[in-house]
Each structure stands twice: as structure tokens, then as C-alpha cells.
Amino acid sequence: MPVLPGAEPYRRDGGEVGVLLCHGFTGSPQSLRPWAEHLAERGLTVSLPLLPGHGTRWEDMRLTGWQDWYAEVDRELRALRDRCARVFVAGLSMGGALALRLAAKHGDDVAGVVVVNPANKVHGLFAYTLPVSRHLVRTVPGIASDIAKEGAAELGYDRVPLHSAHSLRNFFRLVDGELPQVTQPLLVLRSRQDHTVPAVDTARILSRVSSTDVTEIVLEQSYHVATLDHDADRIFEESLGFIDRLATGVGKEGTTTRG
């Protein structure tokens, strides 16, 4: 199937510092493209891949699982490492979980991690029924476009395939067990109001990682897809400052801040 207009992957060659951006579950690179373009305009080498099964139709996603999504970002990270001296990983929602697993598995090859409203668990009774319900019901309503900003919209599926949701649940469990292996500097930006991923997910991640250089920023004006919302510019600038500090060796390690 052809890729939906606007859902195309984005790549831009720049300097010796690279950034890999990972989009969310049922979403597409469209939700992160302004962020990717902002970083590229500042001279960074940027990769924003389209995850398998995304950006076309939900029927395609039903045939994929977390192994496919992770393999895509893993390949992109390796390509960036061949091209750049230092590489950072970043992600939104499930993309945050992908970024955290990359950090856990690749160690020093990842210089730092930026996550926006990172997801850590499929919540509620729905999660427990997935092993059975996915064989009885094909899809449930979509979760895209939780955005406060009027006129802004996320390009994502209007249905969630339950086979894919079940795979996502398994992936979150896997990543949760690997979080203690995350030692890199970590920047977390979360929305105070998020109708998709609860704040407990961020709290769980922060309690599990082994990073000592941790910054958490609360976004007051945005919902889940904050990269397209009122706080988007802050996300772009905070992440750029985080990368600049670590890539140039400026700043002190071993600090924890909240803002």
C-alpha cells in the first residue's frame, strides 16, 4: 500500500551529531516532523523512520508486531552510528519506549535519550483481555490526535488492531524489565493533561532507569501529542539544549532537575 501523504520518513544529513526520532503506536513521522526539521535546521544529522505497518492502513499494521517496529529503529541507529560521532535517541509515546530500549541495548553508542509522554504499559481491564479478545474482535477505536491546539491534527489510524495492541503490551513488559540498563542522560517531557498515557508511566520509568543525569519537564499547555501542540517549541528547544550540552561536553553529570 502507498504511504499516506505526510506520513513519509524523514532523513537529513548534517554534522557529526545524529538524532534518531521514533514515532508512536498507530501514528507516523508526521507527528515528529516539525521536531526533526528543527533539529536538522540546526545542523544535526536526523533520521525519522516510518515504522512497519504504519502510515498506510490499519490492516497493514495488523500483520506487524513490536519485533518489526524495534528492528526498524535499531537499523536506523546503526546507520547513524556509522555516520556520526555521537548519536541521541528520542521518541513520543511508544516511540519513547523504543528509544529507551535502544539505550538499554546499545549502551555507550547512545549519548542521551529524550522522551515525550513515554508509554510504559497498556492499562486497565482492556490489557488483561487482549490475549483472548484479539481473536474475537479485530479492532477498537483509534487513539490519534489527543491535541489541545485548535486546528492541529495527528496523522494516525482511526482503528487500533488488537493483534498489534497485544504485541505492544508484550513490548512494554519487555522494556520495563530492561529500564535498569538505561544509564545515559535522560530528558523527559510530559504533559500535565494527557488522555492517552497517564503520568504514572513516566513515574515508573524514572523509578526504574539507572541514569544519574535526569531532567523532567512538565508541559502545561499540551495533551498527548505535545510535539504538535502548544508546547512544541519548548520541546524543540529543550531537546536541542540537552543535545548541545552533552555533545559539547558542557554541563555537569550526576544532576537531577525538575521543571
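What counts as what
Per-chain numbering applies: the sequence of each chain, read as written, is numbered from 1 onward. Totals for whole chains, interfaces and linings use every residue, but because this is a predicted model, local features are given only for residues with pLDDT of at least 70 and side-chain atom pairs only at 80 or more, for both listing and counting. Only hydrogens and water are removed before side-chain values are computed, so all heavy atoms of the structure are retained for them. Three exposure classes are used, based on accessible area relative to the maximum for each residue type with a 1.4 Å probe and protein chains only: buried under 20%, partly exposed in between, and exposed over 50%. The helix count covers DSSP runs of H or I at least four residues long, the strand count covers runs of E at least two residues long, and both are numbered beginning at the N terminus. Pairing between two strands requires that DSSP report at least two bridges joining them. With strands facing away from the observer, any crossover in which the path from the first strand over the helix to the second runs clockwise is taken as right-handed. Residues belong to one nonpolar core when they are buried, are Ala, Val, Leu, Ile, Met, Phe, Trp, Tyr or Cys, and are joined through side-chain atoms within 4.5 Å. Contacts are residue-level and defined by heavy atoms, with any inter-residue pair within 4.5 Å sufficient. For this document, the term salt bridge refers to a Lys or Arg side-chain nitrogen within 4 Å of an Asp or Glu carboxyl oxygen. Each residue after the first adds 1.5 Å to the expected span of a helix. The directions from the helix axis to the C-beta atoms form the arc being described. Stacked, tilted and edge-to-face are the three classes assigned to paired rings of Phe, Tyr and Trp, where Trp is represented by its six-membered ring and a pair needs centres within 6.5 Å; plane angles under 30 degrees give stacked, over 60 edge-to-face, the rest tilted. Note on method: axes are straight lines fitted to C-alpha atoms, helices fitted across the in-contact stretch only, with angles between N-to-C directions ranging 0 to 180 degrees. Small angles under 35 degrees read as roughly parallel and large ones over 145 as roughly antiparallel, with 65 to 115 read as roughly perpendicular and the rest as oblique. Lys, Arg, Asp and Glu make up the charged group, whereas Ala, Val, Leu, Ile, Met, Phe, Trp, Tyr, Cys and Pro make up the nonpolar group; the residues left over, Gly among them, are polar. With a 1 Å grid laid over protein atoms only, a set of points is called a cavity when a 1.4 Å probe fits there but cannot get out and a pocket when it is open yet has protein on both sides within 12 Å along at least five of seven lines; lining residues have an atom within 4 Å of a point. Grid points are joined across faces, edges and corners, and a volume is the space filled by probe spheres set on the points.

The protein chain goes by Alpha/beta fold hydrolase in an unreviewed UniProt entry, where it is assigned to Streptomyces chartreusis.

> Would you explain the pairing of strand β8 (residues 186-191) in this entry?
Regular strands place their side chains on alternate faces of the sheet. Among the six residues that make up β8, six are buried, leaving the element largely enclosed by the rest of the structure. Where burial is concerned, the two faces of β8 agree: the one with Leu186, Val188 and Arg190 and the one with Leu187, Leu189 and Ser191 are both buried. Sheet topology places strand β5 (residues 112-116) next to β8; four bridges connect them, and they run parallel. Of the residues in β8, the one forming a bridge with Val115 is Val188. Judged from the six bridges that link them, β8 and strand β9 (residues 214-219) form a sheet pairing that is parallel. What sits directly across from Leu186, in β9, is Val214. Crossover β8 to β9 through helix α7 (residues 199-208) is right-handed.

> Even after reading the chapter, I still don't get the nonpolar core, so can you show me in this structure?
The tendency in soluble globular proteins is for nonpolar side chains to be buried side by side. Within the largest apolar cluster, 46 residues are counted, with the highest numbers of intra-cluster contacts made by Leu100 and Val113. Contacts of Leu100, omitting those with residues within four sequence positions, involve Val113, Val115, Val175, Leu179, Val182, Leu186 and Ile205. Core analysis: the next-biggest nonpolar cluster, separate from the first, contains 33 residues, Tyr10, Val19, Val114 and Ala232 among them.

> Could you clarify how one ought to interpret the pattern of salt bridges in this entry?
Counted by the stated rule, this structure contains 16 salt bridges. Residues Glu72 and Arg75 are paired through a salt bridge, measuring 2.7 Å at the closest nitrogen-oxygen approach. Residue Glu72 and its partner Arg75 are both found in helix α3 (residues 66-83); the two are separated by three residues, about one turn of the helix. Owing to a relative accessible area of 15%, Glu72 belongs among the buried residues under this scheme. For Asp176, the salt bridge identified is with Arg204, shortest N-O distance 2.7 Å.

> Is there a simple way to explain helix α8 (residues 232-247) in this structure?
At 3.6 residues per turn, the α-helix brings residues three or four places apart onto the same side. For α8, with 16 residues, the first-to-last C-alpha span of 22 Å sits near the 22 Å given by 1.5 Å per residue. The complete set of buried residues in α8 reads Ala232, Ile235, Phe236, Ser239, Leu240, Phe242, Ile243 and Leu246. The buried residues of α8 occupy an angular sector of 160° when projected down its axis, which confines them to one face. Summarising the contacts, the buried residues of α8 are in contact with β2 (17-22), α1 (33-41), β4 (86-92), β5, β8 and β9.

> I keep staring at the environment of Ile243 and nothing clicks. Help me out?
Within the secondary structure, Ile243 sits in helix α8. A residue is classified by how much of its surface remains accessible, and Ile243, at 2% relative accessible area, is buried.

> For this particular structure, what's the right way to read the packing of aromatic side chains?
The geometry of an aromatic ring pair is captured by the separation of the ring centres together with the interplanar angle, meaning the angle of the planes. Counted under the stated rule, the structure contains four aromatic pairs. Between Phe25 and Trp69, the ring centres sit 5.8 Å apart and the planes meet at 65°, which makes this aromatic pair edge-to-face. With Phe25 in the loop between β2 and α1 and Trp69 in helix α3, the pair connects residues that are 44 residues apart, well separated along the chain. Both residues of the pair, Phe25 and Trp69, belong to the buried class.

> I would appreciate a short explanation of the packing of α3 against helix α6 (residues 162-178) in the present structure.
Packed helix pairs are characterised by how far apart their axes lie and by the angle those axes make with each other. Where α3 meets α6, the axes come as close as 9 Å, and the angle between the chain directions of the two elements is 60°. As the angle between them shows, α3 and α6 are arranged oblique. Contacts from Trp66, Gln67 and Trp69 in α3 reach Ser164, Ser167, Leu168, Phe171 and Leu174 in α6. Across the contact of α3 with α6, the residue classes tally to five nonpolar, three polar and no charged.

> Before we go on, may I ask you to explain the layout of surface pockets in this structure?
Where empty space is left becomes clear once a probe the size of a water molecule has been rolled over the atoms. Empty space within the largest pocket amounts to approximately 450 Å³. Forming the walls of the largest pocket are 26 residues, and the residues nearest its centre are Phe25, Ile143, Leu168, Thr196 and Val197. Counting only elements with at least two residues in the lining of the largest pocket, the list comes to β6 (139-141) and α6. In the lining of the largest pocket, the residues fall into 17 nonpolar, seven polar and two charged.

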